Amino acid sequence: AVEEDLNSPLIKLNASEITLLRSWNPPQPVATEHAHIGSHPQKQEGLFYVGIGIPAGVLTPEQLNGLADLSDRFGNGELRLTVWQNLLIPNVTKEDLDSLTREVVALGLHVEPSNIRSGVIACTGNSYCKFASANTKGHARELMDYLEERCPMECPINIHLTGCSHSCAQHYIGDIGLLATQVKSGDTTKEGYHVFVGGGFGDKKEIGRQIAKAVAFDDLPLMLERLLKKFNSDSWPQESFQSFTQRQSVETMEDWIHAATEMK
Ligand code: SF4
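Residues numbered from 1 in each chain as written. Predicted model: local features only at pLDDT ≥ 70, side-chain atom pairs only at ≥ 80, totals over all residues. Heavy atoms only, no water.

1. Let's talk about the domain arrangement of the chain
Under the domain assignment, the chain is made up of domain 1 (38–106) and domain 2 (117–263). Centre-to-centre, using C-alpha coordinates, domain 1 lies 29 Å away from domain 2. Each partner contributes residues to the interface: domain 1 has seven residues there, and domain 2 has 13 residues. Between domain 1 and domain 2 the total buried area reaches about 790 Å² when both faces are included, carbon and sulfur atoms providing 62% of it. There are zero salt bridges connecting domain 1 and domain 2. One can count three residue pairs in polar contact (both at pLDDT 80 or more) joining domain 1 with domain 2. (Domains from an automatic or database assignment. Contact = heavy atoms within 4.5 Å. Buried area = accessible area lost by both parts, 1.4 Å probe. Salt bridge = Lys/Arg side-chain N within 4 Å of Asp/Glu carboxyl O. Polar contact = N/O pair within 3.5 Å; in protein donor to acceptor, adjacent residues only side chain to side chain.)

Shown next as structure tokens:
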């Protein structure tokens with residue numbers, strides 16, 4: 001009946017053809033989640049909003065006061081928060097964009113989109129949350145600095161660090177998701193993470209797959225460097241990190257990242 005409906009005979013595939021078909025995952029267009037960083041025209045004629053990168057969502061009181069002051073002077077007193085733990089100053093005129101940008105940079109913040117820095121988010125972590133197994137915000141900033149220097153990316157990467165299984169930073173939907181845990185080290189324990197890759201949301205919704213268990217944070221930057229460099233060298237043109245990792249087996253990715261620790 002199906003062949004009649006299709007007006008075509010069904011083809012029987014052998015085992016290797018089925019495996020090949022299952023592994024096929026066409027490249028997805030790269031994401032643009034970080035596009036709000038920098039200055040962008042609003043719907044309202046002549047007005048712009050400026051997206052400011054806040055590393056892991058951490059501001060000093062001086063920076064926050066400074067931003068409030070900039071918003072009063074160059075905008076209409078509003079500061080808006082983004083889900084990427086960054087911040088927007090809306091309603092800025094074109095004439096004020098350069099001055100505002102200079103003053104934001106003087107506060108130690110950035111308005112240049114960065115494919116790594118703009119997409120790292122972290123939950124509160126053990127500075128202020130009793131459930132946390134690690135200093136997620138501190139580690140997030142260390143990872144940003146390390147990876148940005150060593151792995152320039154041509155497309156945005158989201159890295160989500162979360163301090164416990166409550167997952168306030170939603171590690172399971174990050175390109176790279178890090179779930180904190182205590183890692184045994186001799187007679188003591190160290191802060192570390194379980195590593196997940198390939199998560200997504202919206203029309204790319206997917207739960208990340210775990211590729212490493214209980215990695216001490218000391219070993220993590222090198223592991224992620226190896227993974228991102230593999231993506232940079234082996235991905236297809238315009239392929240997203242999510243799509244790239246989804247067409248790899250967990251075992252393959254385990255081999256890549258563990259080779260990284262042996263390199264140390
Ligand atoms: S994920 Fe856990 S550790 Fe992080 S803020 Fe939420 S409850 Fe606290």
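Past the structure itself, the notes keep going.
2. Quick notes on the packing of helix H3 (residues 61–74) against helix H4 (residues 97–106)
One can describe the packing of H3 onto H4 by two numbers: an axis separation of 11 Å at closest approach and a directional angle of 175°. As far as their axial angle goes, H4 and H3 are roughly antiparallel. Contact with H3, carried on its side by Leu70, Arg73 and Phe74, involves Ser99, Leu100, Glu103 and Val104 of H4 and no other residues of that element. Class assignment of the residues belonging to the contact of H3 with H4 gives a composition of four nonpolar, one polar and two charged. (Axes fitted to C-alpha atoms, helices over the stretch in contact; angles between N-to-C directions. Helix = DSSP H or I, 4+ residues; strand = E, 2+ residues; numbered from the N terminus. Parallel < 35°, antiparallel > 145°, perpendicular 65-115°, else oblique. Nonpolar A, V, L, I, M, F, W, Y, C, P; charged D, E, K, R; others polar.)

3. Let's talk about a nonpolar patch on the surface
The grouping of Val2, Leu6 and Leu10 at the surface amounts to a nonpolar patch, some 300 Å² of accessible area in total. Residue position: Leu6 is located in helix H1 (residues 2–6). (Patch = residues over 30% accessible without salt bridge, like charges linked within 9 Å, V, L, I, M, F, W, Y side chains within 5 Å. Areas by Shrake-Rupley, 256 points an atom, 1.4 Å probe, with all protein chains shown as cover.)

4. Observations regarding the environment of Met253
By the secondary structure assignment, Met253 is in helix H8 (residues 250–263). A relative accessible area of 0% means that Met253 is categorised as buried. Once residues within four sequence positions are removed from consideration, Met253 is found in contact with Val197, Arg209, Ile211, Thr245 and Gln248. (Buried < 20%, exposed > 50% of the residue type's maximum accessible area, 1.4 Å probe, protein only.)

5. Side note on the pattern of salt bridges
One pass over the structure, following the stated rule, counts 10 salt bridges. With a shortest N-O distance of 3.1 Å, Lys190 and Asp218 are connected by a salt bridge. Taken together, the residues Lys190 in strand S8 (residues 188–197) and Asp218 in the loop between strand S9 (209–216) and helix H6 (220–234) connect sequence positions 28 residues apart. Taking relative accessible area as the criterion, Lys190 reaches 34% and is therefore assigned partly exposed. Here Lys230 and Asp234 are joined by a salt bridge, their closest N and O atoms 3.6 Å apart. With Lys230 and Asp234 both in helix H6 and four residues apart, the pair spans about one turn of that helix. For Lys230, a relative accessible area of 25% translates into the label partly exposed. By relative accessible area, which is 36% here, Asp234 ends up partly exposed. Each of Asp69, Arg73 and Glu103 takes part in a single network of salt bridges with overlapping partners.

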